[in-house]
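Structural characterization, general
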Amino acid sequence: MHKYSVPSRALSKRPDISKSALLIIAGLIFIIGSVLAILPIGGRSGDPLRQSAAIFGALLLCGPALFFLIKRAGYSKSPPFWFSLHVYAASVGIVLIIFHVSAGSLWSPAGVPFLVLVLLVVQGLAARALLATRLSTLFARSPGSFNFSNPISVDKAQLALVIEKKEQLLRQLDPSANEATFSPRLRHFLLKPWKAWSYQRLSDRETRLVGAKSRAGLMLSFWRRSHIVLAVLFYGGLIAHLIVVLFFAGYASKGGEIYWWHLTDWGQ
């Protein structure tokens, strides 16, 4: 056995979700969500049962954000475990949110976060299920991965200059780190934001110089960033919705009955 290989027994114990399992989860979300949407229970979207479902669903949907923060902070010793946790939490969360919104109108400001959530889940599932195999080949350095059969020219002088600048900046950012394997984490952006941002820009420039994105393809290069953008839009919409219905209940009711639990009725 090669000294760098990982025993299959160790790999089998790593908690992860297979492609087939993801597709089953997607099917269950659709089926259970559809059933909950048509069941005549809970009354209006703000009634106690549906509002409680919305609260618990929103809390569960914070799981993916927690996964992102833990991963970026460098505290994730088992990324597959946290990925699995974020998938399960998001799956139950979206089912509860479906139950909440199904009694209201999706074609309203309150429905926008849900529509973004659906797009976010579909995009995440598609990326994981359809692009995972292609992503794994990018590290194999085979003729088919990274399009190595069609090599591109690299400006070695510019590349060397970028790496030199990265090494100089890394000594100020994190002296104990190795430039070849280092990427800025959340704590670096919090403690030394300008240096972390400058290092990230250099890393992006290095990526462009070696042609990694052009070899990987447009879809594979930008799916993660688009997933983050959609997540930011969803959480922003969710926070805005919570502020309006909890604090500006009078505005949300449009002069009608405020039948849901709220903190203030500003805007009435």
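That block above? That's the structure.
The shown structure was predicted, so the numbers you read here are calculated from the model rather than taken from an experiment. (Residues numbered from 1 in each chain as written. Predicted model: local features only at pLDDT ≥ 70, side-chain atom pairs only at ≥ 80, totals over all residues. Heavy atoms only, no water.)

Turning next to the overall build of the chain. Along the chain, the regular secondary structure elements total twelve helices and zero strands. Buried positions account for 33% of the 268 residues belonging to the chain. The long-range fraction of contacts in the chain, counting pairs at least 24 apart against all pairs at least 6 apart in sequence, stands at 62%. For the chain, the computed accessible surface area is about 17000 Å², with 68% contributed by carbon and sulfur atoms. (Helix = DSSP H or I, 4+ residues; strand = E, 2+ residues; numbered from the N terminus. Buried < 20%, exposed > 50% of the residue type's maximum accessible area, 1.4 Å probe, protein only. Contact = heavy atoms within 4.5 Å. Areas by Shrake-Rupley, 256 points an atom, 1.4 Å probe, with all protein chains shown as cover.)

Okay, the pattern of salt bridges next. Scanning the model with the defined rule gives four salt bridges in all. R44 serves as the salt-bridge partner of D47, at 3.9 Å between the closest nitrogen and oxygen. A salt bridge links E206 to K166; the nearest nitrogen and oxygen atoms lie 2.5 Å apart. Taken together, the residues span a long stretch of sequence, with E206 in helix α9 (residues 193-210) and K166 in helix α7 (residues 156-173) at a distance of 40 residues. (Salt bridge = Lys/Arg side-chain N within 4 Å of Asp/Glu carboxyl O.)

This next bit is on helix α2 (residues 19-38). Compared with an ideal rise of 1.5 Å per residue, which puts 20 residues at 28 Å, α2 spans 29 Å between its outermost C-alpha atoms and is within 8% of the ideal. Residues of α2 that are buried: L22, I25, I29, G33 and L36. For α2, the angular spread of the buried residues around the axis is 65 degrees, confining them to a single face. Facing away from the buried surface of α2 by more than 90 degrees, the exposed residues are L23, I24, F30, I31 and I38. (Expected span 1.5 Å × (residues − 1). Arc of directions from axis to C-beta.)

Following the criterion strictly, the structure yields five aromatic pairs and no others. Geometrically, the ring pair formed by F182 and Y199 is edge-to-face, given 5.1 Å between the ring centres and 80 degrees between the ring planes. Taken together, the residues span a long stretch of sequence, with F182 in the loop between α7 and α8 (186-191) and Y199 in helix α9 at a distance of 17 residues. Connected via pairs of aromatic rings, a cluster forms that spans F247, F248 and W266. A cation over an aromatic ring shows up here: R44 above the ring of Y259, its NZ or CZ 3.8 Å from the ring centre. Of note, R50 hangs over the ring of F99, and the distance from its end group to the ring centre comes to 4.3 Å. (Phe/Tyr/Trp six-rings, centres within 6.5 Å; stacked < 30°, edge-to-face > 60°. Lys NZ or Arg CZ within 6 Å of the ring centre and 35° of its normal.)

Taking 1.5 Å per residue as the helical rise, α9 with its 18 residues ought to reach 26 Å, and the 26 Å between its terminal C-alpha atoms agrees with that figure. Every buried residue of α9 is listed here: A196, S198, Y199, L202, S203, E206 and L209. Mapping the buried residues of α9 onto a view down its axis gives an arc of 160 degrees, with all of them on the same face. In α9, those exposed residues whose orientation departs by more than 90 degrees from the buried face are W194, R201 and R208. Buried residues belonging to α9 abut α7 and α8.

Nonpolar side chains collect at one region of the surface, where I24, L28, F30, I31, I32, V35, L39, I41 and L49 lie side by side and expose about 830 Å² of accessible area between them. Inspection of the secondary structure assignment puts V35 in helix α2. (Patch = residues over 30% accessible without salt bridge, like charges linked within 9 Å, V, L, I, M, F, W, Y side chains within 5 Å.)

By size, the foremost hydrophobic cluster in this structure holds 27 residues, and its most contacted members are I17, L61, V87, I97, L117 and F234. When contributions to this core are tallied by element, the ones reaching two or more residues are α2, α3 (48-60), α5 (79-101), α6 (112-137) and α11 (218-247). Per element, the largest residue contribution to this core is nine residues, and it comes from α5. L117 has contacts with L61, I94, I97 and F234, leaving out every residue within four places of it along the chain. (Core = buried A, V, L, I, M, F, W, Y, C linked by side-chain atoms within 4.5 Å.)

So, about the environment of G57. For G57, the position within the fold is in helix α3. A residue is classified by how much of its surface remains accessible, and G57, at 0% relative accessible area, is buried. For the pair G57 and V92, spaced 35 residues apart in sequence, the C-alpha separation works out to 7.1 Å. Those residues within four positions of G57 in sequence are excluded, and the remaining contacts are G93, L96 and I97.

A few words on the layout of surface pockets. In this structure, the second largest pocket encloses a volume near 1200 Å³. At the level of secondary structure, the elements contributing two or more residues to the lining of the second largest pocket comprise α3, α5, α6, α11 and α12 (249-253). Across the lining of the second largest pocket, the residue classes break down as 28 nonpolar, eleven polar and two charged. (1 Å grid on protein atoms, 1.4 Å probe; cavity = no way out; pocket = protein on both sides within 12 Å on 5 of 7 lines; lining within 4 Å. Points joined across faces, edges and corners; volume = space filled by probe spheres on them. Nonpolar A, V, L, I, M, F, W, Y, C, P; charged D, E, K, R; others polar.)

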